[in-house]
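Okay, here's what each chain looks like letter by letter:
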Amino acid sequence: MTRPNMQRRLVLASAITLGGAALWGLNRPKSDQHGTPRKQPETTLASMIDTLVPRDEFPGGIDIGLDQTIAQQMAQQPKLNQLIARLLPIIERSAVTEYHRAFYRLTIDQREAQLSKHWYQSTNPIVRRDFMQFRRHVLAQYYESPIGQQSMGYQHPTTYPNYHVE
């Protein structure tokens, strides 16, 4: 793994455990390692997930189906559904106001700026809390997956200690 991408993965992983890190401004590839343009998500939710966990030498959130997983979780978890239902209109309205385009049609840099504006720079504590909660949920879902663990270099133990209690 190249050094900048390993550093990016470690920052993302620490954001889960520490509850917050300045993720914005990190280099995000505009294409995969073969030069193929990245797939543009077709919904606001998918675009938000793609912005938080983009593809690099490892599959991103969209590649592993995180958008579909979270959509299924929304159907089963009313609190998650309410959280995302509050966030989507805010982010869409903000993107249309500032860029005159839907959020999913923005470039990755513009999407990062929009999320940062609400997650990190918002003066409204409720909006900021909701975006942080959404970000934590997405990152936790990604790094709990085998691909997310592989991207951090985590290796499952092959043997377990034999603890003997007398």
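Position numbers for residues start from 1 in each chain and track the written sequence from start to end. This being a predicted model, a pLDDT of at least 70 is required before a residue's local features are given, and a value of 80 or more before pairs of side-chain atoms are given or counted; all residues contribute to the totals for chains, interfaces and linings. Heavy atoms from the whole structure form the basis of all side-chain values; hydrogens and water molecules are not counted.

**Structural notes on the overall build of the protein chain**
Point 1. Within the protein chain one finds 7 helices and 0 strands.
Point 2. For helices the rule is a DSSP run of H or I covering at least 4 residues; for strands it is a run of E covering at least 2, with both sets numbered from the N terminus onward. Written out in order from the N terminus, the α and β elements of the protein chain read α-α-α-α-α-α-α.
Point 3. Out of the 166 residues in the protein chain, the part that is buried amounts to 43%.
Point 4. We call two residues in contact whenever any of their non-hydrogen atoms come within 4.5 Å of each other. Look at the contacts in the protein chain between residues 6 or more apart in sequence, and 58% of them connect residues 24 or more apart.
Point 5. Throughout, the Shrake-Rupley method with a 1.4 Å probe supplies accessible areas, and for residues the shown protein chains are the sole cover considered. About 9700 Å² of surface is accessible on the protein chain, with carbon and sulfur atoms providing 54% of the total. A simple rule labels every residue: compare its accessible area, found with a 1.4 Å probe on the protein chains alone, to the largest value its type can have, and call it buried under 20%, exposed over 50%, or partly exposed in between.

**Here's the deal with the pattern of salt bridges**
Point 1. Salt bridges are counted wherever a side-chain nitrogen of Lys or Arg sits within 4 Å of a carboxyl oxygen of Asp or Glu. By the definition in use, this model includes 5 salt bridges.
Point 2. Between D63 and R55 there is a salt bridge whose closest N-O contact spans 2.9 Å.
Point 3. Residue classification places D63 among the partly exposed positions, given a relative accessible area of 37%.
Point 4. Classification of R55 as buried rests on a relative accessible area of 18%.
Point 5. A salt bridge links K117 to E98; the nearest nitrogen and oxygen atoms lie 3.2 Å apart. Here K117, found in helix α5 (residues 108-119), pairs with E98, found in helix α4 (residues 78-99); they are 19 residues apart in sequence, far enough to count as distant.
Point 6. Accessibility expressed as a relative area gives 39% for E98, which makes it partly exposed.

**Structural notes on the environment of M74**
Point 1. Assignment of secondary structure puts M74 in helix α3 (residues 66-76).
Point 2. Between the C-alpha atom of M74 and that of I84, which follows or precedes it by 10 residues, the distance is 8.2 Å.

**So, unusual backbone geometry**
Point 1. Backbone geometry places H100, a non-glycine residue, at a positive phi of 60°.
Point 2. Relative to the assigned elements, H100 resides in the loop between α4 and α5.

**Details of α5**
Point 1. End to end, α5 covers 16 Å across 12 residues, agreeing with the expected 16 Å (1.5 Å per residue, within 8%).
Point 2. Buried residues dominate α5, accounting for 9 of its 12 residues.
Point 3. Looking at the buried residues of α5, the elements they touch are α2 (44-52), α4 and α6 (125-144). What a helix should span is 1.5 Å times the count of its residues minus one.

**Digging into the packing of aromatic side chains**
Point 1. In this analysis, rings of Phe, Tyr and Trp, with Trp reduced to its six-membered ring, are considered paired at centre separations within 6.5 Å, and the interplanar angle assigns stacked below 30 degrees, edge-to-face beyond 60, and tilted for intermediate values. On inspection of all chains with the given rule, the structure shows 1 aromatic pair.
Point 2. Ring centres of Y142 and Y143 lie 5.0 Å apart, and the angle between their planes is 85°; this geometry places the pair in the edge-to-face category. Grouping residues by exposure puts Y142 and Y143 together as buried.

**Details of the confidence of the model for the protein chain**
Interpreting fine coordinate detail is not advised for predicted regions of low pLDDT.
Point 1. The quantity known as pLDDT measures the predictor's confidence residue by residue, on a range of 0 to 100. The predicted model of the protein chain has a mean per-residue pLDDT of 77, with 74% of residues at 70 or higher.
Point 2. Confidence over residues 14-40 falls short of pLDDT 50; this stretch has 63 contacts with residues more than four positions distant or in other chains.

**Some remarks on the environment of I90**
Point 1. Residue position: I90 is located in helix α4.
Point 2. Look at I90 and you get partly exposed, because its relative accessible area is 21%.
Point 3. Taking C-alpha positions, I90 is 8.7 Å from V127, a pair spaced 37 residues apart along the chain.
Point 4. In contact with I90, not counting residues within four places along its chain, are H118, V127 and F131.

**Points about α2**
Point 1. Summarising burial for α2: 9 of the 9 residues are buried, a large majority.
Point 2. Burial in α2 covers these residues: T44, L45, A46, S47, M48, I49, D50, T51 and L52.

**Digging into the side chain of S94**
Point 1. Its place among the elements puts S94 in helix α4.
Point 2. We call two N or O atoms a polar contact when they sit within 3.5 Å, provided that within protein one can donate a hydrogen and the other can accept it, with sequence-adjacent residues counted only if both atoms are side-chain atoms. At a separation of 3.3 Å, a polar atom in the side chain of S94 contacts the side chain of K117.
Point 3. S94 has contacts with Q114, K117 and H118, leaving out every residue within four places of it along the chain.

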